[in-house]
Amino acid sequence: KKTVMTREAAEEHYGEHRERPFFGEMVDFITSGPVVMMAVEGPDGAVAALRTIIGTTNPLDSAPGTIPGALPLEVG
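Reference entry: report on the structure contained in this document.

1. Regarding the overall build of the protein
Next up, step 1: For the protein, the count of helices and strands is 4 helices and 2 strands.
Next up, step 2: Based on the C-alpha atoms only, the size of the protein along its principal axes is roughly 30 × 30 × 25 Å.
Next up, step 3: Looking at the protein as a whole, 18% of its 76 residues qualify as buried.
Next up, step 4: Carbon and sulfur atoms make up 58% of the accessible area of the protein, which totals about 6,200 Å².
Next up, step 5: Each charge sign in the protein was given a centre, from 6 positive and 11 negative side chains, and these centres are 4 Å apart.

What follows is the structure in structure tokens.
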């Protein structure tokens, strides 16, 4: 679903990072334009499989063929 995330939803979604220095900037970014949200459902392992495709946060640690392994060059 393509939508614009509200600030309240973003703050809740990223709540585990609230005390980190990048929290405000991350919330500002994710609420600055449209996002694609999805619900994942399937057999055991469906979420783990999706996380494999998504890759790690640091593109330098991501495998080729993952989103961060193919696109960005830096974190932040």
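2. Considering a nonpolar patch on the surface
Next up, step 1: A surface patch of nonpolar side chains, about 390 Å² in accessible area, is lined by Ile-53, Ile-54, Ile-67 and Leu-71.
Next up, step 2: Among the secondary structure elements, Leu-71 is positioned in the segment after α4 (67-70).

3. Some points on the pattern of salt bridges
Next up, step 1: Across all of its chains, the model carries 2 salt bridges by this definition.
Next up, step 2: The partner of Glu-11 in a salt bridge is Arg-7, with the nearest N and O atoms 3.3 Å apart. Separated by 4 residues within a single helix, Glu-11 and Arg-7 lie in helix α1 (residues 7-13), roughly one turn from each other.
Next up, step 3: In this structure, Arg-7 engages Asp-28 in a salt bridge whose closest nitrogen and oxygen atoms are separated by 2.9 Å. With Arg-7 in helix α1 and Asp-28 in helix α2 (residues 23-30), the pair connects residues that are 21 residues apart, well separated along the chain.
Next up, step 4: By sharing partners, the salt bridges in this structure join Arg-7, Glu-11 and Asp-28 into a single network.

Rules used in this analysis
Residues numbered from 1 in each chain as written. Predicted model: local features only at pLDDT ≥ 70, side-chain atom pairs only at ≥ 80, totals over all residues. Heavy atoms only, no water. Helix = DSSP H or I, 4+ residues; strand = E, 2+ residues; numbered from the N terminus. Buried < 20%, exposed > 50% of the residue type's maximum accessible area, 1.4 Å probe, protein only. Areas by Shrake-Rupley, 256 points an atom, 1.4 Å probe, with all protein chains shown as cover. Lys, Arg positive; Asp, Glu negative; His and termini not counted. Charge placed at Lys NZ, Arg CZ, Asp CG, Glu CD. Patch = residues over 30% accessible without salt bridge, like charges linked within 9 Å, V, L, I, M, F, W, Y side chains within 5 Å. Salt bridge = Lys/Arg side-chain N within 4 Å of Asp/Glu carboxyl O.

Fair warning: the whole summary comes from geometry, so function is off the table for now.
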